[in-house]
Amino acid sequence: MTNETESVEASVEAESAVSTESWRQALASRRTELAEPESVPATQAAPLDYDASRRNFIRASFWTGLGVTVMGGLGLFVDFIYPRNVKGFGGPVPAGNAADYEVGGLPVHNRAGQFWIANLDPTDSADNGTDGAAGLLALWRKCPHLGCTVPWEPSAVVEVSSESGWYKCPCHGSTYTRSGIRVFGPAPRSMDSMAIEIDDAGNVTVQTGSVTSGGPDNPERAVQHPLLPS
Ligand code: FES
C-alpha cells in the first residue's frame, strides 16, 4: 500500500512537472507573439506617413488657394481696366457734320463729350480771336487749373481787352480766347484740345480719349475739310 501511494505521488509529480513545463512554453510563445509586433518598424511608420501626407495636402491646398485668389484678382483688374466699346466721354463722340459749323460762329458745347467745338475764322484778329487759324477746333471744357468746367461767356469782358466773349472759368477766373489760349488767371496753360476726325461725308467725330495739353499752338491744331464753311 505504501508502495502504491508512493507510485501515485511520483506519477502526480511527474504530471505536474510536465504541466508546468507546458505552461512555461505557452507563456514564452505568447511573449514572443506580443514582442514581435512592437519590434516591427512598419507598425510605427504608418502614422508617420499619414502625417506627412496630411501636411503636404494642407500645403498644396494653401498654395492652390492663394494662386487661384491672386489669378482671380488679376483677371478682375485686367477686365476692369481693359477698354472695350467705349461710348461717350473717353471714346469717339459724334459731333454733327462739318457743314453745320459756320465759320467764326459761336463755340458749340457737346455735353456727352465734355468739349467745346468751333470753326475758327482765319480773318479774326480780335484779342479773343483765333490768331488767324482756320478749321474745326475741339477744346476740353475742363479747366487746366483745378478742373472746373469752363463755359463760353459771350458777354464776358476782361480788363486787358475791349473784346467781349471769352472762355471764363467760374472758379478762379482763368480766361481763354476762342482758340483756348490763356490770357488771364491762375491756370498753368491754355485749354487742352481733343483730336478731331472728319470723314468724306463731313461727319465729325471727336476722339475724347485723345487729349493734347493746351499751348500756344492750339489754333494750329484746327482740322480743315472741304465741307467746312469758309
Ligand atoms: S479751376 Fe479754373 S481757374 Fe481755377
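Predicted, not measured: the structure shown is a model, and the values here were computed from it.

### Some thoughts on the overall build of the protein
At step 1: A tally of helices and strands in the protein yields 2 helices and 10 strands.
At step 2: The order of helices and strands in the protein, counted from the N terminus, is α-α-β-β-β-β-β-β-β-β-β-β.
At step 3: Counting over 230 residues, the protein shows a buried share of 25%.
At step 4: Nonlocal contacts in the protein, meaning residues at least 24 apart in sequence, comprise 57% of its contacts between residues at least 6 apart.

### Description of the sheet that holds strand β6 (residues 164–168)
At step 1: If you trace the 4 strands from one edge of the open sheet to the other, you get β5-β6-β7-β8, paired in antiparallel fashion. Two strands close off the open sheet at either side, each with one partner strand: β5 (152–157) and β8 (182–184).
At step 2: Summarising the sheet, strand β7 (residues 175–176) and β8 pair through 2 bridges and their orientation is antiparallel. From the neighbouring strand, Y176 faces β8, where its bridge partner is R182.

### Some details on the sheet that holds strand β3 (residues 115–120)
At step 1: The strand order across the open sheet built from 6 strands is β1-β10-β9-β4-β3-β2, with neighbouring strands paired in antiparallel fashion. Of all strands in the sheet, those with a lone pairing partner are β1 (92–97) and β2 (108–110), marking the two edges. With strand direction ignored, the average angle separating the axes of adjacent strands in the sheet is 30 degrees.
At step 2: Note: strand β9 (residues 193–198) against strand β10 (residues 203–212), 6 bridges, orientation antiparallel. Looking across to β10, one finds that A195 is bridged to Q207.

### As for the pairing of β10
At step 1: Bridge count between β1 and β10: 4 bridges; the pairing is antiparallel. Within β10, the position partnered with V93 by the bridge is V206.
At step 2: Hairpin connection of β9 to β10: 4 residues between the antiparallel strands, including G202 at a positive phi of 90 degrees.

### A few points about the nonpolar core
At step 1: With 32 residues, the main nonpolar core has F115, I117, L136, A138 and V206 as its most contacted residues.
At step 2: Of all the secondary-structure elements, those providing two or more residues to this core are β1, β3, β4 (135–140), β6, β9 and β10.
At step 3: Those residues within four positions of V206 in sequence are excluded, and the remaining contacts are V93, A95, G113, F115, I117, A138, M194 and I196.

### Things to note about the pairing of β9
Successive residues of a regular strand alternate their side chains across the two faces of the sheet.
At step 1: In terms of strand pairing, β4 meets β9 through 2 bridges, oriented antiparallel. Note that in β9 the partner of A138 across the bridge is M194.

### Brief notes about the environment of M194
At step 1: Among the structural elements, M194 can be located in strand β9.
At step 2: Here the alpha-carbon distance between M194 and A222, two residues 28 residues apart in the chain, equals 9.8 Å.
At step 3: With sequence-adjacent residues up to four places away left out, M194 is seen in contact with F115, A138, W140, V206, Q207, T208, S210 and V211.

### A short note on the environment of G105
At step 1: Tracing the backbone shows G105 in the loop between β1 and β2.
At step 2: Its 13 C-beta neighbours within 10 Å are what place G105 among the partly exposed residues.
At step 3: Sequence-wise, G105 and N119 are 14 residues apart; in three dimensions their C-alpha atoms are separated by 6.6 Å.
At step 4: For G105, the contacting residues outside a window of four places in its chain are A118 and N119.

Cut-offs and rules
Chains are numbered independently. Their residues run from 1 in the order of the written sequence. Totals for whole chains, interfaces and linings use all residues, but because this is a predicted model, local features are given only for residues with pLDDT of at least 70 and pairs of side-chain atoms are given and counted only at 80 or more. What counts as a helix is a DSSP run of H or I of at least four residues, what counts as a strand is a run of E of at least two, and both are numbered from the N terminus. Burial is judged by counting other C-beta atoms within 10 Å of a residue's own C-beta: 20 or more means buried, 12 or fewer means exposed, and anything between counts as partly exposed, with every C-beta placed from the backbone. Throughout, a pair of residues is in contact if the C-beta atoms placed from their backbones lie within 7 Å. Being paired, for any two strands, means DSSP has found at least two bridges between them. Interaxial angle, 0 to 180 degrees, is taken between N-to-C directions of lines fitted to C-alpha atoms, where a helix line uses only the stretch in contact. What makes a nonpolar core is a set of buried Ala, Val, Leu, Ile, Met, Phe, Trp, Tyr and Cys residues, with links drawn between C-beta atoms within 7 Å.

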